[in-house]
Amino acid sequence: MSTAASGSAGAYFQLLGPVRLFDGERAVPIGGPGVRGLLALLALSPNRVVGLDDIIDALWSEDPPATARTIVHGNVSHLRRVLRSISGGGPGHAQILTAPPGYQLSVDPQRIDVNRARTLLDRANAAPSPRRADLLRQAFSLWQGPPLSGVPESLRAPELEELRLAVHGARVDADLAEGGHSALIVELSPLVRANPLAERTVGQLMRALYYAGRRSDALELYQRVSRQVVDALGMDPGPELRHLQLRVLNDDLPPLVPADAVVLSASVAPAQLPPAVPHLAGREADLAWLDELLERAEAGQSAVGVVTGPAGIGKSALVVSWAHRAANRFPDGVLFASLRGFDPHHPAFEPADLITQFLLGLGVPTADVPEQLHERVALYRSLIAGRRMLVLLDDARTAEQARPLLPPGSRSMALVTSRSRLDGLAVSNAARLRALDTLSPEDSVRLIEELTGPADRDLNHALAKLCGYLPLALRIAGARLAASPQRTAGELVDELTNERTRLAALDVGDAGGPGGADTSVRAALDVSFRGLPPDVATTFRTLGALTSRSVGPQLIAALSGTTVREARRRLRTLVTHNLLAETVRDVFTQHDLVRLYLRELAETELTDAEREAALSSSMRYYLAVADQARRKLLRIVDPLDFAGSLPAELSPDLDGFDGARRWFAAEWPNLLATLEAALAARRYTEVWQLARVAHTYQVVCPLWDDWTRLVEIGMAAATGSGDDLARCWMLISRCALALTFELPEGSLADASEALEIAKELDDDRLIISATIHLGGALTLWGRYDEAIVQLRDAVEETDRMGDLALRGQALNNCAEAEKRAGRRFEAIMHQLASLEIDRQLGDDSYVVVSLNNLAELNLGLGELSSAERYARESVHITVTRQFTLQEGVSRLTLARTLLAKGDPEGAREHFELALRLYELANPKFADEVRAELRELGSRTP
């Protein structure tokens, strides 16, 4: 059992080995891998909310079962019962709280071995030499085997291995300082044989050999390791190890001196802050967050803050401005360092150089600065332990770069800014994260006006919007206006409106040259891009070839030829670098200026063939998934079939009708943008096919503007293709749009031409479909008798063919023509037959049409109870399925029915709801509802 649990009553969580739960010294059974994995996830983030989606993703990766949420809920309930049997409200009390969007383990962090190890490591860094070694041995003893044993393989926490290496390395350094050379040679030799690439361990073994009087063995070890490194990596060992070899060769390694031997003059209180920006608009909530972090430090709690966000969001401006305000709260001084993590002109600083800068700032003479990094870190931490200082680390690239610079103890405060999220600091140092967002429109205008003075508010709002409310872009725009009084805001708005030149306009480089990362949006984004891992950079470039405003891992996997899991990892890496945002699970979006940068990047760094391949892959993806989705929405009457053309693992989980509708709603802007890009690239066949496939969604959830745009794109592609079949299906789609929104103009010509083409193609199902639409068009024109003849012929033909889907459509359109012709009893008969087919096929979008028509027919016959029953059923289905236009139609029918029944107040409620729905789906119908509402108002008090 972990030694930290010994003699301590209450819950204790072991993660550094097999995942186990203890009650004092007694191991408590908790269940199988799934339960252990859930407990480990919560214990890795004590007192912080872990989202349910994150839990599911960690436990099952990209292939969770349909009952994943139920399983998690059940396991949480089980763990709560187990914890209640242990804690009893004492000092070891632990409980799992429900905290949207997931769960939170409420517990003393020291009851978790991982946190205990970190605390011991921090205490050791600030302790005198003899005590330091003892604390580090305690920390290392907490490992009881490979961390997180016995949990699902998908759950990994690589930071635990980093922690183990940090503890082990620090413990070896402490033993070296205490003179334990012989024992260390025995311990480290097999570790170096197993992993000769671990240069810190190699260096420690070389030092142990040297100080044990075995200088030649230390040099031989270096030569052997050097050969192995060259063979494995094709490069020499790192500079620190090479420098150590040179010192050993020259026999001039200094004697080991404990870090606490250096004494700091108590009078040194560094004040290293750079100047603050003169104007800081719209950051009140972020400043309040920093104030709260300061209060934690003053209360003796851990106070490490990470301020993250995309390039140009104003991270440095915020923390430096706040630090100037709060500097008097840190009587022992303020340390500041620019880590140059994302500097385009200079390499990032190494921690060793920064520690030296801090030691000199703290008054350590140059001659007393230790040579080795770990010795400098130990001295630095010893010097500031117990002091009240602010350490501000600006522009960190990684958690590893910043971690050695963080102050120990609880009285100091550290702030780190980075374009990356630095989640590792949250794990290893309990850092709190603050992600900065763009400014609000009003704050953006205020920032511009603070630079330029008052001006036309409408123009400044337009200017702020074109800048994407990004502080760097806003400052550049303000600076350009302030520097050239003759330039008006209107002229700059005109310049920025052109997307092709917007990034060039947001640059204030000196002497007409390109600006740096602090004076150019493009340069700032370029620095972030150039720092990406190669595979992630490739994915980022590919995004520029797409016109989608959002992407998901399935699409990226299809484009990249990789797995969904790997695509999700790459996208989330871009999120950690603040180049994308994951707005909801698996939906990744871009800031407008990032989108423009991506487009430029694709145009300059991708070949024509690569851009064409990306567009082709995205079209194939959308064709396949849209076809899968539409088949869950409605019966399909056209012959297009792409549903099986995509590997199953690349298909999103559409989860029945509702899942398919949600997919279409979320992807609709991307579908239209991709269609327009493919049309411009003259991919006519794919465009009309995708337009026809997506047409099904608009039949189910019609919106005038979206459907009109889709049909226009599809018709242009069909015409460009010269394919009669394409033109016929798109004419039918355009006619369906006209019938839905009752627009006679053009409908008759479209249906007639479609029928002629269908006859030339000698396609029976196509002929019937065109005939059904021709009957609908004749009805719109008031030619009811002709329509009824056409539609009854279509009913007989579908009966002969045994095609239920087309028969239901023909019966419905026939009933509509008969209703308008006053043949209500015949219409009811045909409408009931259509309803029976609709229910049989499970097509709710047609069911509600039949129900509403039956309500209207019964209302016309004075059968008010039947009319209300049909109307209410139709309303219920439309609300459940979120059919916006159909709900408006059904509520209008219900309102008229209630009015006829003498219930004006009930009627008013549904008239008003219908009006709002019509305004969303088709404003053309809204005028009719407004007129009926006005008439109702004149008839009732």
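As a reminder, the structure under discussion sits directly above these lines.
Below or above, wherever it landed, is the structure these notes cover. Starting from 1, residues in each chain are numbered consecutively following that chain's sequence as written. The predicted nature of this model means local features are confined to residues of pLDDT at least 70 and side-chain atom pairs, given and counted, to a pLDDT of 80 or more, with totals for whole chains, interfaces and linings taken over all residues. Values reported for side chains reflect all heavy atoms of the structure, with hydrogen atoms and water molecules removed beforehand.

Glancing now at the overall build of the protein chain. Helix and strand labels come from DSSP, where a helix needs a run of H or I of at least four residues and a strand needs a run of E of at least two; each type is numbered from the N terminus. Regarding its fold elements, the protein chain presents 41 helices and 14 strands. For the protein chain, the spread of C-alpha atoms along the three principal axes comes to 110 × 75 × 65 Å. Under the scheme applied here, a residue whose accessible area is under 20% of the maximum for its type counts as buried, over 50% as exposed, and between as partly exposed, the area being computed with a 1.4 Å probe on protein chains only. Burial analysis of the protein chain (941 residues in total) assigns 53% to the buried set. Using the Shrake-Rupley algorithm and a 1.4 Å probe, accessible areas are obtained, with residue cover drawn only from the displayed protein chains. Summed over its atoms, the accessible surface of the protein chain is roughly 39300 Å², and 52% of this surface lies on carbon and sulfur atoms. Note that His is not counted, nor are the chain ends; the positive residues are Lys and Arg, and the negative ones are Asp and Glu. Charge placement uses NZ in Lys and CZ in Arg. For Asp and Glu, CG and CD serve respectively. Of the charged side chains in the protein chain, 101 are positive and 123 negative, and the gap between their average positions amounts to 5 Å.

This part covers empty space enclosed by the protein. Buried and open spaces are told apart on a 1 Å grid over the protein atoms alone, a cavity being a set of points where a 1.4 Å probe fits but cannot get out and a pocket being an open set with protein on both sides within 12 Å along at least five of seven lines. Residues with an atom within 4 Å of a point are the lining residues. Grid points are joined across faces, edges and corners, and a volume is the space filled by probe spheres set on the points. Tallying each qualifying case throughout the model produces 1 cavity of 30 Å³ or more. Considering only enclosed or pocket space, the largest cavity measures out at about 50 Å³ in volume. Forming the boundary of the largest cavity are Pro310, Ala311, Leu470, Val521, Leu525, His591, Leu593 and Val594. Elements that contribute at least two residues to the lining of the largest cavity include exactly helix 22 (521-530) and helix 26 (592-605). Lys, Arg, Asp and Glu make up the charged group, whereas Ala, Val, Leu, Ile, Met, Phe, Trp, Tyr, Cys and Pro make up the nonpolar group; the residues left over, Gly among them, are polar. Its residues placed into classes, the lining of the largest cavity shows 7 nonpolar, 1 polar and no charged.

Moving on, we come to a nonpolar patch on the surface. Residues enter patches when their relative accessible area tops 30% and they take part in no salt bridge; the joining distance is 9 Å for like charges and 5 Å for the nonpolar side chains Val, Leu, Ile, Met, Phe, Trp and Tyr. Only one rule defines a salt bridge in this text: a Lys or Arg side-chain nitrogen within 4 Å of an Asp or Glu carboxyl oxygen. On the surface, Leu197, Leu233 and Met235 cluster together into a nonpolar patch covering about 280 Å² of accessible area. Looking at the element boundaries, methionine 235 is found in the loop between helix 9 (215-233) and helix 10 (239-249).

So, on to the sheet that holds strand 12 (residues 550-551). When DSSP finds at least two bridges between two strands, those strands are taken to pair. Pairing in this open sheet of 3 strands is antiparallel, and the strands run 12-14-13 from one edge to the other. Unpaired on one side and paired on the other, strand 12 and strand 13 (581-584) mark the two borders of the sheet. Pairing analysis gives 2 bridges linking strand 12 to strand 14 (residues 587-589), with the strands arranged antiparallel. Across the sheet, the residue bridging to serine 550 is threonine 589, located in strand 14.

Two cysteine sulfur atoms make up a disulfide if the distance between them is within 2.5 Å. On inspection of all chains with the given rule, the structure shows 0 disulfides. Sulfur of cysteine 814: no disulfide; nearest cysteine sulfur belongs to cysteine 735 and is 16 Å away. A relative accessible area of 0% places cysteine 814 in the buried class.

Let us now look at the packing of aromatic side chains. Pairing of aromatic side chains here covers Phe, Tyr and the six-membered ring of Trp, requires ring centres within 6.5 Å, and sorts the geometry by plane angle: under 30 degrees stacked, over 60 edge-to-face, intermediate tilted. One pass over the structure, following the stated rule, counts 13 aromatic pairs. Centroid distance tyrosine 621 to tyrosine 622: 5.5 Å. Interplanar angle 70°. Geometry classified as edge-to-face. Geometrically, the ring pair formed by tryptophan 668 and tyrosine 697 is tilted, given 5.4 Å between the ring centres and 45° between the ring planes. Placement of the pair is tryptophan 668 in helix 28 (residues 656-680) and tyrosine 697 in helix 29 (residues 684-700), with a sequence separation of 29 residues. Per residue, the accessibility class of tryptophan 668 equals that of tyrosine 697, and both read buried. Ring-pair connections join several aromatic residues into one group, and the members of that group are Tyr621, Tyr622, Trp663, Phe664, Trp668 and Tyr697.

A word on the packing of helix 32 (residues 747-761) against helix 33 (residues 764-780). For helices, the axis comes from a line fit to the C-alpha atoms of the stretch in contact; other axes are also lines fit to C-alpha atoms, and the angle between any two N-to-C directions lies between 0 and 180 degrees. Packing of helix 32 against helix 33 brings their axes to within 8 Å, and their N-to-C directions diverge by 160°. One way to sum up the angle between helix 32 and helix 33 is to call them roughly antiparallel. Relative to helix 33, helix 32 is oriented so that their crossing is left-handed. Residues Ser747, Leu748, Ala751, Ser752, Ala754, Leu755, Ala758, Lys759 and Leu761 of helix 32 form the contact with helix 33, whose participating residues are Leu766, Ile767, Ala770, Thr771, His773, Leu774, Ala777, Leu778 and Leu780. Tallied by class, residues from the contact of helix 32 with helix 33 come to 13 nonpolar, 4 polar and 1 charged. If an angle is under 35 degrees, it is roughly parallel; if it is over 145, roughly antiparallel; if it lies from 65 to 115, roughly perpendicular; otherwise it is oblique. Crossing handedness is defined as follows: a turn of the near helix away from the far one that is anticlockwise and smaller than a right angle gives a left-handed crossing, while the clockwise case is right-handed. Every residue pair with non-hydrogen atoms within 4.5 Å of one another is taken to be in contact.

As a further point, take helix 23 (residues 534-543). Most of helix 23 is tucked away, with 7 of its 10 residues classed as buried. Looking at helix 23, one finds that the buried residues are Val536, Ala537, Thr539, Phe540, Arg541, Thr542 and Leu543. Contacts made by the buried residues of helix 23 are with helix 22, strand 12, helix 24 (553-560), helix 25 (564-576), helix 26 and helix 27 (608-633).

Attention now moves to the pattern of salt bridges. Counted according to the given criterion, the structure contains 70 salt bridges. Notably, a salt bridge pairs glutamate 442 with arginine 457, separated by 2.7 Å at the nearest N-O pair. A residue pair is termed long-range when its members are at least 10 positions apart, and glutamate 442 in helix 17 (residues 441-452) and arginine 457 in helix 18 (residues 457-466) qualify at 15 residues. Taken together, the shared-partner salt bridges connect Asp57, Arg568, Arg572, Glu582, Arg585 and Asp586 into one network.

With that settled, consider the environment of isoleucine 86. Residue position: isoleucine 86 is located in helix 3 (residues 68-87). Overall, isoleucine 86 belongs to the buried group, its relative accessible area being 9%. Each C-alpha atom, one on isoleucine 86 and one on tyrosine 12, is 9.8 Å from the other, the two residues being 74 residues apart in sequence. Setting aside residues no more than four positions away along its own chain, isoleucine 86 makes contact with Gly10, Ala11, Leu21, Phe22, Asp23 and Val28.

Let us now look at helix 29. Look at helix 29: 25 Å from first C-alpha to last across 17 residues, which is about the 24 Å you get at 1.5 Å a residue. Judged by how many residues are buried, helix 29 sits mostly within the fold: 14 of 17 residues are covered. Take the number of residues in a helix, subtract one, and multiply by 1.5 Å to get its expected span.

In contact at an axis separation of 7 Å, helix 23 and helix 26 are set at 100° when each is read in the N-to-C sense. Accordingly, the angle class assigned to the pair helix 23 and helix 26 is roughly perpendicular. Residues Phe540, Arg541 and Leu543 of helix 23 form the contact with helix 26, whose participating residues are Val594, Tyr597, Leu598, Leu601, Ala602 and Glu605. Class assignment of the residues belonging to the contact of helix 23 with helix 26 gives a composition of 7 nonpolar, no polar and 2 charged.

Structurally, serine 747 can be placed in helix 32. Look at serine 747 and you get buried, because its relative accessible area is 1%. In contact with serine 747, not counting residues within four places along its chain, are Cys735, Ala738, Ala777, Leu780 and Trp781.

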